[in-house]
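Letter by letter, the chains look like this.
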Amino acid sequence: MDDTPSHSDIRLREGSSIAQRLIVAGSAAAVALCFTPGLFTQDTLEIIISVVALLVGAGFVVGIMMAPAVVWIITPDEILIGHQRPFGKLRTRIVGKDDIAGLQVPGSKRVKARFQLVFTLVSGERLTSPPISDVTHVRDTVARVATQFEVPNVEEPVNPLDASNPEMHLGEPLEAFSARDIRIVALIAVALSAVPYAYKLWRGLSPSHVDILLLPLGAIAAFAVYRYANLATGAFWIIRQNDIRVERLWGDGSLRADHIEGRNVKAITVERRGRSEDEHCIVSIRLHSGPRFRSPRIGSRLEARAVAAEIVRRLGIAAGSNNI
């Protein structure tokens, strides 16, 4: 469903598809089943752990499969709310224009560029909408809803990905780790690798090959932390008209900046970088010269596609390179 201001109605949806639910529920069931061998042992503790794991897994599967799908259709005069659980009946509710007393647009704590409409009714009840999927037009959507329902003093949301911004920001500005923090983590890696060896010597036992092997591995891990820790800070994208500035850090903490222009883009796609399409989708850009740039995490596939569409518009990417 779409919620861009070009449509007469604003439509918002929340809830995973049946296929997505089956995948997640199947994974949870597989993990729970791994504990079943404990049921056939004589150890009471293992039996208890297995039973608890199976009960938690079953509850998780039921919770996933029975989570409701919610649809909001916001018209100029009312809000139609549809609420349906799998294998259940569709329940609807209509909220009239005169029933609405206030509107707020809080951001999400988990996903920075995710916004929901929170209506306060005359009765005092608060209704929270599904997320606004077109994260590049949040201000337009909020202004339109506030106008059509005549809600005064609605605070404009702070949206780093709004198309009205001269610069759209993906991710957080980068900051190198302090030398003190890096040294502490490196020393912890060395200490952890030496614990089994030291323990054996303290008990008067002969260290095993594994204990001895851990010593150089700890030194290698400490060197990797010292040398490459800043590479794990990710990237910060600044999306402007005609180009994208991609900022990253070198291992020594110095800033590296790359620029992406529309004529250099071979393909732009939306990818999933995690288990869930509701939380872990990103924009990927491949250049004609070979390098591929992956954005910081955006959110759902719909949100990532909205950002990718705005990138296509700002950079003037050719239609043949657009795979979103």
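Quick note: structure is the one above.
Here goes a summary of the coordinates provided. (Residues numbered from 1 in each chain as written. Predicted model: local features only at pLDDT ≥ 70, side-chain atom pairs only at ≥ 80, totals over all residues. Heavy atoms only, no water.)

1. Quick notes on the overall build of the protein chain
Tallying secondary structure elements over the protein chain gives 6 helices and 14 strands in all. With 324 residues in all, the protein chain has 37% of them scored as buried. At a minimum sequence separation of 6, the contacts of the protein chain that also span at least 24 residues come to 50%. Summing over all exposed atoms, the protein chain offers an accessible surface of approximately 18,700 Å²; the carbon and sulfur share of this is 59%. (Helix = DSSP H or I, 4+ residues; strand = E, 2+ residues; numbered from the N terminus. Buried < 20%, exposed > 50% of the residue type's maximum accessible area, 1.4 Å probe, protein only. Contact = heavy atoms within 4.5 Å. Areas by Shrake-Rupley, 256 points an atom, 1.4 Å probe, with all protein chains shown as cover.)

2. Things to note about the sheet that holds strand 6 (residues 116–121)
Note on sheets: strands pair through backbone hydrogen bonds, and any given pair is parallel or antiparallel. One open sheet holds the 3 strands; their spatial order is 5-6-7, and the pairing between them is antiparallel. In the strand order of this sheet, the two ends are held by strand 5 (100–104) and strand 7 (126–131), each with one partner. Taking the axes of each pair of neighbouring strands and ignoring which way they run, one obtains an average angle of 20° across the sheet. Bridge analysis of strand 6 against strand 7 gives 4 bridges, and the strand direction is antiparallel. (Pairing = 2+ DSSP bridges. Axes fitted to C-alpha atoms, helices over the stretch in contact; angles between N-to-C directions.)

3. Concerning the pairing of strand 12 (residues 265–272)
Burial analysis of strand 12 places 6 of its 8 residues in the buried class, the great majority of the element. Of the strand pairs in this sheet, strand 12 and strand 13 (residues 281–287) are connected by 7 bridges, and their pairing is antiparallel. Looking at strand 13, one finds that Arg-272 is bridged to Cys-281.

4. Remarks on the packing of helix 4 (residues 179–202) against helix 5 (residues 209–228)
Two elements in contact, helix 4 and helix 5, have axes whose closest approach is 8 Å; the angle formed by their N-to-C orientations is 180°. Relative to helix 5, helix 4 is oriented roughly antiparallel. Each of Ile-182, Val-185, Ala-186, Ala-189, Val-190, Ser-193, Ala-194, Pro-196, Tyr-197 and Lys-200 in helix 4 lies in contact with helix 5, whose residues at this interface are Asp-211, Ile-212, Leu-214, Leu-215, Gly-218, Ala-221, Ala-222, Val-225 and Tyr-226. Broken down by class, the residue content of the contact of helix 4 with helix 5 amounts to 15 nonpolar, 2 polar and 2 charged. (Parallel < 35°, antiparallel > 145°, perpendicular 65-115°, else oblique. Nonpolar A, V, L, I, M, F, W, Y, C, P; charged D, E, K, R; others polar.)

5. Looking at the environment of Phe-119
Structurally, the position occupied by Phe-119 is in strand 6. According to the relative accessible area criterion, Phe-119 is buried, its value standing at 0%. Between the C-alpha atoms of Phe-119 and Leu-103, which are 16 residues apart in sequence, the distance is 4.7 Å. In this structure Phe-119 touches Trp-72, Ile-79, Ile-100, Gly-102, Leu-103, Glu-125, Arg-126, Leu-127, Val-145 and Phe-149, once residues within four positions along its chain are discounted.

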